[in-house]
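Okay, here's what each chain looks like letter by letter:
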Amino acid sequence: MTEKAQLIPLEDHILVEAIEEENKTKSGIILPDSKEKPSKGKVVAVGNGKILDNGTRAPIDVKLGDIVYFTKYSPDELDVDGTKYLVIKQSSILAKQG
C-alpha cells in the first residue's frame, strides 16, 4: 500500500511526507522563516490497522494521497535515501483535507 516509499508502516502507523507551510500571508506579507515542526503532510503509506482485543483490525481512516493535519510533536522522523518522512500514529492525526 505504498505510493513511492520503500517502507511499509506497521499496525496503525502512517508514513507522511511533510508539506512546508507558506511564508506569506494571504495579503502578501512575507513572514520570517520559522523553525517550527511541520503539522501538515501527504500520506504516502499506511499500516494495516491496530489489532484489537477481539483479534480484528481497526480500520485506518486515511488513504494514500490524503493531506492530513497532525499534532506538531507527535511524528518521528525517518530519512530514507535522502528523503525525509514522518511516521505518525493514527490517533495523532487531527483532520484530513476533504
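What counts and what doesn't
Residues numbered from 1 in each chain as written. Predicted model: local features only at pLDDT ≥ 70, side-chain atom pairs only at ≥ 80, totals over all residues. Heavy atoms only, no water. Helix = DSSP H or I, 4+ residues; strand = E, 2+ residues; numbered from the N terminus. Buried < 20%, exposed > 50% of the residue type's maximum accessible area, 1.4 Å probe, protein only. Contact = heavy atoms within 4.5 Å. Areas by Shrake-Rupley, 256 points an atom, 1.4 Å probe, with all protein chains shown as cover. Salt bridge = Lys/Arg side-chain N within 4 Å of Asp/Glu carboxyl O. Core = buried A, V, L, I, M, F, W, Y, C linked by side-chain atoms within 4.5 Å.

A. Spotlight on the overall build of the chain. Assigned secondary structure in the chain consists of 0 helices and 6 strands. Counting all 98 residues of the chain, 31% fall into the buried class. In the chain, the share of contacts with a sequence separation of at least 24, taken over all contacts with a separation of at least 6, comes to 65%. By element, 51% of the accessible surface of the chain is carried by carbon and sulfur atoms, the whole surface being about 6,900 Å².

B. Spotlight on the pattern of salt bridges. Applying the stated criterion to the full structure yields 3 salt bridges. In this structure, the salt-bridge partner of Lys89 is Asp12, at a minimum N-O distance of 3.6 Å. With Lys89 in strand S5 (residues 83-89) and Asp12 in the segment before strand S1 (13-18), the pair connects residues that are 77 residues apart, well separated along the chain. Classification of Asp12 by relative accessible area gives buried; the value is 9%. Asp66 is the salt-bridge partner of Lys63, the closest N and O atoms lying 3.2 Å from each other.

C. Structural view of the environment of Ala18. With respect to the helices, strands and loops of the structure, Ala18 is situated in strand S1. For Ala18, a relative accessible area of 31% corresponds to the partly exposed category. Here the alpha-carbon distance between Ala18 and Ile67, two residues 49 residues apart in the chain, equals 9.6 Å.

D. Highlighting the nonpolar core. Grouped together as the largest cluster of nonpolar side chains are 11 residues: Ile14, Val16, Val43, Val46, Ile60, Val62, Val68, Phe70, Leu86, Ile88 and Ile93. For this core, the secondary-structure elements that each account for two or more residues are S1, strand S2 (40-46), strand S3 (67-70) and S5. Each residue touching Ile60, except ones within four places of it in the same chain, is listed here: Glu11, Asp12, Ile14, Val46, Gly47, Asn48, Gly49 and Gln90. Counting residues in hydrophobic clusters, the runner-up holds 6 residues, among them Leu15, Val44, Tyr85 and Val87.

By themselves these figures say nothing about function.
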